[in-house]
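Chain and residue survey
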Amino acid sequence: MTTITLNDGNKIPAIGFGVFLIPADGPTYDAVRTALKAGYRHIDTAAAYFNEADVGRAVKDSGIPREEIFITSKLWLQDYGYEPAKKGLDTSLEKLGMDYVDLYLLHQPYGDVAGAWKALEEAKAEGKIRSIGVSNMTPKIWKEFVPQFKILPAVNQVECNPFFQQRELRELLAGDDVKIEAYQPLGHGDSSLLSHPVIAKLAEKYGKNAGQIILRFEVQSGLIVLPKSTNPMRIAGNLRIFDFELTEDEMNEMYALDTGKGHHDPEAPGVAEMLLQNYKIHD
């Protein structure tokens with residue numbers, strides 16, 4: 001498995017398995033077991049996915065040593081602030097059945113971000129977290145919050161795919177060697193992306209499917225990718241991107257697909273309130 005070195009020196013597998021919107025109490029457990037059997041060693045969950053316990057059980061039951069699997073979880077908005085964040089992390093660790101996570105993120109960039117981040121910095125020093133990062137931070141939001149941090153984030157997990165390549169953000173983060181993790185790297189299953197002539201042509205040339213071409217492009221451009229599926233064949237297929245390489249001209253063709261527009265706008269009015277209403281993880 002190809003790994004990427006983060007700005008804190010820790011290594012993260014370049015491709016991970018995401019479990020957003022996979023139900024708890026069975027489906028997540030089964031999907032993670034399938035992913036681990038296929039060769040994934042990076043699982044991405046969150047408190048607000050409501051399936052940390054399934055991830056933890058699947059990892060434990062896999063028989064693979066814990067230290068060989070990179071586990072990410074995320075703190076939810078309800079637990080922002082210094083003291084709530086400490087409790088939120090401990091709750092995540094309890095549900096996962098683990099004494100540390102490899103990466104812990106602030107899931108959304110609203111509210112008492114600075115207080116929550118301070119708790120993560122301390123937890124990192126205590127060994128409860130190996131790396132700390134953020135999610136859904138646009139360049140504007142990054143400039144608002146990150147100057148308040150003592151420790152720079154190792155990653156920023158954002159929506160990113162060939163139609164929305166986050167060029168301004170990537171340029172901003174490159175100076176501090178902050179890596180971007182791409183969620184929804186296949187563009188929400190967008191048929192216009194998956195059937196795009198450029199991608200179809202490359203898929204035919206390399207004997208791959210459209211998703212594999214897209215994931216190869218993203219990893220080759222330096223992204224960490226988090227494809228999600230519950231289909232065992234697709235889960236395994238999404239890993240088969242390391243036996244070919246796109247040429248410079250082909251990479252440029254893929255770069256040219258960028259529209260600069262995504263589906264989620266973290267700066268839109270009322271996003272924080274909407275998220276808190278729709279994702280309540282405790283009373």
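Residues numbered from 1 in each chain as written. Predicted model: local features only at pLDDT ≥ 70, side-chain atom pairs only at ≥ 80, totals over all residues. Heavy atoms only, no water.

Right, let's get into the overall build of the protein chain. Helix and strand content of the protein chain: 12 helices and 10 strands. Since a compact globule built from 283 residues should have a radius of gyration of about 19 Å, the 18 Å found for the protein chain is in line with a globular shape. Each principal axis of the C-alpha atoms in the protein chain carries an extent, and together these give about 55 × 45 × 35 Å. About 12,500 Å² of surface is accessible on the protein chain, with carbon and sulfur atoms providing 50% of the total. If the 30 positive side-chain charges of the protein chain are averaged to one point and the 40 negative ones to another, these points end up 3 Å apart. (Helix = DSSP H or I, 4+ residues; strand = E, 2+ residues; numbered from the N terminus. Rg over C-alpha atoms; globule rule 2.2 N^0.38 Å. Areas by Shrake-Rupley, 256 points an atom, 1.4 Å probe, with all protein chains shown as cover. Lys, Arg positive; Asp, Glu negative; His and termini not counted. Charge placed at Lys NZ, Arg CZ, Asp CG, Glu CD.)

Moving on: the pattern of salt bridges. Within this structure, the stated rule accounts for 10 salt bridges. Here Lys74 and Asp44 are joined by a salt bridge, their closest N and O atoms 2.5 Å apart. Here Lys74, found in strand β5 (residues 70-75), pairs with Asp44, found in strand β4 (residues 42-44); they are 30 residues apart in sequence, far enough to count as distant. Asp44 matches Lys74 in its accessibility class, with the two residues each being buried. A salt bridge links Lys86 to Glu83, with the nearest nitrogen and oxygen atoms 3.6 Å apart. Remark: Glu83 and Lys86 occur in helix α3 (residues 82-96); sequence separation between them is 3 residues, near one turn of the helix. Residue classification places Glu83 among the partly exposed residues on the basis of a relative accessible area of 44%. (Salt bridge = Lys/Arg side-chain N within 4 Å of Asp/Glu carboxyl O. Buried < 20%, exposed > 50% of the residue type's maximum accessible area, 1.4 Å probe, protein only.)

Here we take up the environment of Gly260. Structurally, the position occupied by Gly260 is in the loop between α11 (248-255) and α12 (271-278). On the basis of relative accessible area, Gly260 is assigned to the partly exposed category, the value being 45%. Excluding residues within four positions of it along the chain, Gly260 makes contact with Phe163 and Phe164. (Contact = heavy atoms within 4.5 Å.)

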